[in-house]
Amino acid sequence: MNNIISNYQHVLPTYGRYPVAFVKGAGSRLWDSDGKEYVDFASGIGTNSVGHSHPRWVKAVAGQLELLAHTSNLFYTQPGGLLAQKLCQLSGLEGVFFGNSGAEANEGMIKAARKYSRDKYGQGRATIITLENSFHGRTITTLAATGQDKFHQHFHPFTEGFKHVAAGDISQLEAQGEDVCAVMIETIQGEGGVNVLPPEYIQAVARLCQTRDWLLLIDEVQTGMGRTGYWFSYQGLGVLPDAISFAKGIAGGLPLGGFLLGKKLHGVLNPGDHGSTYGGNLICCTAALAVIDILEGELPNVEAKGEYIRSQIAAMNLPQVVAIRARGLMLGIQLKDIAPAEINQQLLNSGLVALTAGADVLRFLPPLNISTEDIDSGLAIFKAVMSKL
Ligand SMILES: *Cc1c(COP(=O)(O)O)cnc(C)c1O
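Residues numbered from 1 in each chain as written. Predicted model: local features only at pLDDT ≥ 70, side-chain atom pairs only at ≥ 80, totals over all residues. Heavy atoms only, no water.

(A) Broad picture of the site of the ligand. Taken together, 13 residues form the shell around the ligand, and within it Gly 102, Ala 103, Asp 219, Gln 222 and Lys 248 come nearest. Contact distances for the ligand include 2.7 Å between an oxygen atom and a backbone N or O atom of Ala 103. Notes on the ligand: free accessible area 380 Å², of which the protein chains cover 81%. With three residues, the single largest contributor to the shell around the ligand is helix α5 (residues 102-121). Class assignment of the residues belonging to the shell around the ligand gives a composition of three nonpolar, six polar and four charged. (Near = heavy atom within 4 Å. Polar contact = N/O pair within 3.5 Å; in protein donor to acceptor, adjacent residues only side chain to side chain. Areas by Shrake-Rupley, 256 points an atom, 1.4 Å probe, with all protein chains shown as cover. Helix = DSSP H or I, 4+ residues; strand = E, 2+ residues; numbered from the N terminus. Nonpolar A, V, L, I, M, F, W, Y, C, P; charged D, E, K, R; others polar.)

(B) Expanded view of the side chain of Thr 141. The topology assignment puts Thr 141 in helix α6 (residues 140-145). For Thr 141, a relative accessible area of 13% gives the class buried. Side chain to side chain, Thr 141 and Thr 159 meet in a polar contact 2.6 Å long. Not counting the four nearest positions on each side in its chain, Thr 141 is found in contact with Glu 107, Ile 110, Thr 159 and Phe 162. (Buried < 20%, exposed > 50% of the residue type's maximum accessible area, 1.4 Å probe, protein only. Contact = heavy atoms within 4.5 Å.)

(C) Geometry of the sheet that holds strand β1 (residues 22-26). The mixed open sheet is built from four strands, whose spatial order is β1-β2-β3-β15. At either margin of the open sheet sits one strand with a lone partner, and together these are β1 and β15 (352-353). As defined by bridge partners, β1 adjoins strand β2 (residues 29-32) across four bridges and the pair is classed as antiparallel. Bridging from a neighbouring strand, Ala 26 pairs with Arg 29 of β2. Along the sheet, helix α11 (residues 372-388) makes contact with β2, β3 (37-40) and β15, crossing β3 at roughly 105°. (Pairing = 2+ DSSP bridges. Axes fitted to C-alpha atoms, helices over the stretch in contact; angles between N-to-C directions.)

(D) Structural context of the pattern of salt bridges. Counted by the stated rule, this structure contains 14 salt bridges. A salt bridge links Glu 191 to Arg 363; the shortest N-O distance between them is 3.0 Å. Taken as a pair, Glu 191 in the loop between β8 (188-189) and β9 (195-196) and Arg 363 in strand β17 (residues 361-364) lie far apart in primary sequence, 172 residues in all. For Glu 191, a relative accessible area of 21% translates into the label partly exposed. For Arg 363, a relative accessible area of 3% puts it in the buried group. A salt bridge links Arg 310 to Glu 307; its shortest N-O distance comes to 3.0 Å. Note that Arg 310 and Glu 307 are positioned in helix α9 (residues 282-315) at a spacing of three residues, about one turn of the helix. Here the residues in one salt-bridge network are Arg 29, Glu 37 and Asp 374, joined through shared partners. (Salt bridge = Lys/Arg side-chain N within 4 Å of Asp/Glu carboxyl O.)

(E) The sheet that holds strand β6 (residues 162-165), seen in detail. With mixed pairing, the seven strands of this open sheet are ordered in space as β4-β12-β11-β10-β7-β5-β6. Strand pairing shows two members of the sheet lacking a second neighbour, β4 (95-99) and β6, which therefore form its edges. Averaged over all neighbouring strand pairs, the angle between strand axes comes to 20°, with direction disregarded. Taken together, the four bridges between strand β7 (residues 180-185) and strand β10 (residues 215-219) define a ladder with parallel strand orientation. Pairing of Val 183 across the sheet is with Leu 216, part of β10. Where helix α4 (residues 78-91) meets the sheet, its contacts fall on β4, β11 (243-246) and β12 (257-261), and the angle it forms with β4 comes to roughly 125°.

(F) Summary view of the nonpolar core. Ranked by internal contacts, the top residues of the largest apolar core, which has 77 residues, are Leu 87, Leu 173, Phe 232, Phe 364 and Phe 382. Among the elements that line this core, the one with the most residues is α9, at 14 residues. Non-local contacts of Phe 232, meaning those with residues more than four positions away in its chain, are made with Leu 87, Ser 91, Glu 220, Gly 224, Met 225, Ile 244, Phe 246 and Leu 260. In terms of nonpolar packing, the next biggest core, distinct from the first, is built from 24 residues, Cys 181, Ala 182, Ala 243 and Val 268 among them. (Core = buried A, V, L, I, M, F, W, Y, C linked by side-chain atoms within 4.5 Å.)

(G) How the structure looks around the environment of Gly 63. Inspection of the secondary structure assignment puts Gly 63 in helix α3 (residues 55-67). It is 9.3 Å that separates the C-alpha atoms of Gly 63 and Ile 283, two residues lying 220 residues apart in sequence.

(H) Quick peek at the pairing of β3. As paired elements, β2 and β3 share three bridges and run antiparallel to each other. When the bridges of β3 are listed, Arg 29 appears paired with Val 39. Here β2 hands over to β3 after four residues, with Gly 35 in that stretch at a positive phi of 85°. As judged from the two bridges shared by β3 and β15, these two strands associate in the parallel manner. If you follow Val 39 over to β15, its bridge partner there is Leu 352.

Written as structure tokens, this is what we have:
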């Protein structure tokens with residue numbers, strides 16, 4: 001254990017890490033290098049959507065590894081085509097681009113939006129409106145899109161052409177002018193504190209976008225791939241975006257991200273317009289096909305599991321809990337009088353892996369196939385820790 005940690009002296013210290021090294025996982029359980037067992041309510045920040053080492057996922061990935069891992073996008077692959085078909089069928093959109101991460105997915109989606117506008121209207125109509133408190137990634141452009149100043153301090157100058165407006169206030173969007181090409185939102189601001197945007201607001205944004213020929217881009221990196229009980233969160237909201245980005249949960253922990261384009265944007269990106277060497281390789285696409293196959297059986301239970309966790313926590317009547325915000329298995333517990341990072345450390349000590357979000361929120365993103373037993377074990381640890389405060 002000490003060895004695992006001290007080996008990190010040459011890894012740049014960009015993350016605040018907990019002094020734990022996991023060495024094994026199965027389902028919604030993890031084991032650290034001392035053999036201690038944990039319940040996983042974090043799933044690698046929402047990526048291990050089918051839990052750890054799911055037998056069908058392992059079999060599919062291992063089988064593909066033995067055959068062929070990567071060919072580059074100069075060639076066709078069976079898993080790439082099948083996954084694209086599947087994602088279009090699940091989303092109702094028309095075409096997909098595969099990259100490797102959420103930030104890269106958003107970058108590509110932004111490029112598609114700007115090209116649409118430039119092709120149709122010429123220069124000077126490239127502004128992307130995003131929301132305050134949003135999170136869209138860590139590259140220079142997706143940081144420009146991110147509406148949280150704490151991420152901006154050291155890295156100027158940023159990519160031009162982004163404006164932030166307050167979430168929930170449609171008049172701020174209505175006041176925008178001729179330079180706008182797209183609006184990019186998360187339906188639930190994950191990193192920003194699990195802020196669930198009102199459905200009426202999202203519907204109003206969609207209507208406004210339609211009227212002004214602004215593209216509606218939805219960042220589904222955290223909310224997508226079943227997290228909210230729908231394949232993509234907009235499907236529960238009665239809107240159809242022009243494009244969405246996805247990453248986190250799609251390949252069960254392997255790096256895959258990308259974006260899907262709807263009718264309006266179909267045909268906008270052509271040979272040479274965009275690329276990514278690793279994007280959508282055989283391993284990651286095979287993993288994603290296995291994840292989708294597993295989740296097809298799990299999706300109908302996601303909302304009920306989330307509601308169960310929410311109601312169990314509500315019933316604990318904890319004085320530190322100000323609010324519980326949830327859609328499916330994306331839960332934010334807003335706290336007072338105690339920092340979420342401190343609770344998180346105590347939960348970890350007691351065998352529960354959880355996350356924080358924003359300044360005062362504890363966040364749960366359990367695997368989507370978590371069992372009721374594992375939910376109960378996790379909640380028992382949570383209750384014990386909170387009651388001791
Ligand atoms: C995590 C996240 C990203 C960034 O994804 P990376 O894979 O870390 O680049 C972008 N948008 C949202 C909503 C996210 O939750």
